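# Chain and residue survey
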Amino acid sequence: MSAFMQPYDPNAPPATVIVGAQQPMMQQPVMQQPMMQQPMMQQPMMMGGGVIVGQQKDFMVALLLSIFVGSLGIDRFYLGYTGLGILKLLTLGGCGVWWLIDLILLATGSVTDVNGIPLKK
């Protein structure tokens, strides 16, 4: 059986390759690289607007967004609630009712971001 037909053995010594037909039997080891050299590290993901997931959101930014563009759902997007932000955008803040409720909830400090982290004051 040739070397190409043998099953892979991770404990076998590195294979050798003959370099050049004109040279006298020079052999060089073939470098075997592992599939993954380092374990994969969890990198922070970027969401819309450049907000890093896991970073504590600012209370004042959320409150100002809710006051000025809350009827468009931008405050919900900022806090990471993408689905609620889209729904709030399509209903124009629930015809103003949802916008007012969100404004009151933000002002009283009872809103967290999508990860459950309280807003930074």
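Right, let's walk through the structure included here.

Analysis parameters
- Residues numbered from 1 in each chain as written.
- Predicted model: local features only at pLDDT ≥ 70, side-chain atom pairs only at ≥ 80, totals over all residues.
- Heavy atoms only, no water.
- Salt bridge = Lys/Arg side-chain N within 4 Å of Asp/Glu carboxyl O.
- Helix = DSSP H or I, 4+ residues; strand = E, 2+ residues; numbered from the N terminus.
- Buried < 20%, exposed > 50% of the residue type's maximum accessible area, 1.4 Å probe, protein only.
- Polar contact = N/O pair within 3.5 Å; in protein donor to acceptor, adjacent residues only side chain to side chain.
- Phe/Tyr/Trp six-rings, centres within 6.5 Å; stacked < 30°, edge-to-face > 60°.
- Lys NZ or Arg CZ within 6 Å of the ring centre and 35° of its normal.
- Contact = heavy atoms within 4.5 Å.
- Arc of directions from axis to C-beta.
- Axes fitted to C-alpha atoms, helices over the stretch in contact; angles between N-to-C directions.
- Parallel < 35°, antiparallel > 145°, perpendicular 65-115°, else oblique.
- Left-handed = near helix turned anticlockwise from the far one by under 90°.
- Nonpolar A, V, L, I, M, F, W, Y, C, P; charged D, E, K, R; others polar.

This structure, assessed with the given rule, holds four salt bridges. The partner of K88 in a salt bridge is D75, and the shortest N-O contact between them spans 3.1 Å. On the criterion of sequence distance, the pair formed by K88 in helix α3 (residues 82-90) and D75 in helix α2 (residues 74-79) is long-range, its members being 13 residues apart. Of the residues examined, K88 reaches a relative accessible area of 0% and is grouped as buried. One salt bridge in this structure joins D102 and K88, with 2.6 Å as the shortest N-O distance. You can see D102 sitting in helix α5 (residues 97-108) and its partner K88 sitting in helix α3, a full 14 residues away along the chain. Neither residue differs from the other here; D102 and K88 are each classed as buried.

Structurally, the position occupied by R76 is in helix α2. Residue classification places R76 among the buried positions, given a relative accessible area of 13%. Among the polar contacts listed, one links the side chain of R76 to the side chain of D102, at a separation of 2.6 Å.

This brings us to the packing of aromatic side chains. Tallied over the full model, the rule gives zero aromatic pairs. Lying across the ring of Y81, R76 places its NZ or CZ 5.4 Å from the centre.

Turning to the side chain of K88, a few remarks are in order. Polar contacts involving the side chain of K88 include one to the main-chain carbonyl oxygen of G70, which spans 3.2 Å. Other than its neighbours up to four places away in sequence, K88 contacts G70, S71, G73, D75, R76, G93, W98, W99 and D102.

Every buried residue belonging to helix α1 (residues 59-69) is among F59, A62, L63 and S66, and all of these are buried. Taken down its axis, α1 places every buried residue within 100 degrees of arc, on the same side. Capping of α1 at its N-terminal end is provided by D58; its side-chain oxygen lies 3.3 Å from the backbone amide nitrogen of M60.

Attention now moves to the packing of α1 against α5. Following both chains from N to C, one finds α1 and α5 inclined at 160 degrees, their axes separated by 10 Å at the closest point. By the criterion of interaxial angle, the relationship of α1 to α5 is roughly antiparallel. In the crossing of α1 with α5, the sense of the turn from one axis to the other is left-handed. When α1 is examined against α5, the residues F59, A62, L63, S66 and I67 are found in contact with a partner set consisting of W99, D102, L103, L106 and A107. Residues of the contact of α1 with α5, tallied by class, amount to eight nonpolar, one polar and one charged.

A few words on the environment of K57. Within the secondary structure, K57 sits in the loop between β2 (27-29) and α1. A C-alpha to C-alpha distance of 5.9 Å links K57 and K120, two positions 63 residues apart in sequence.

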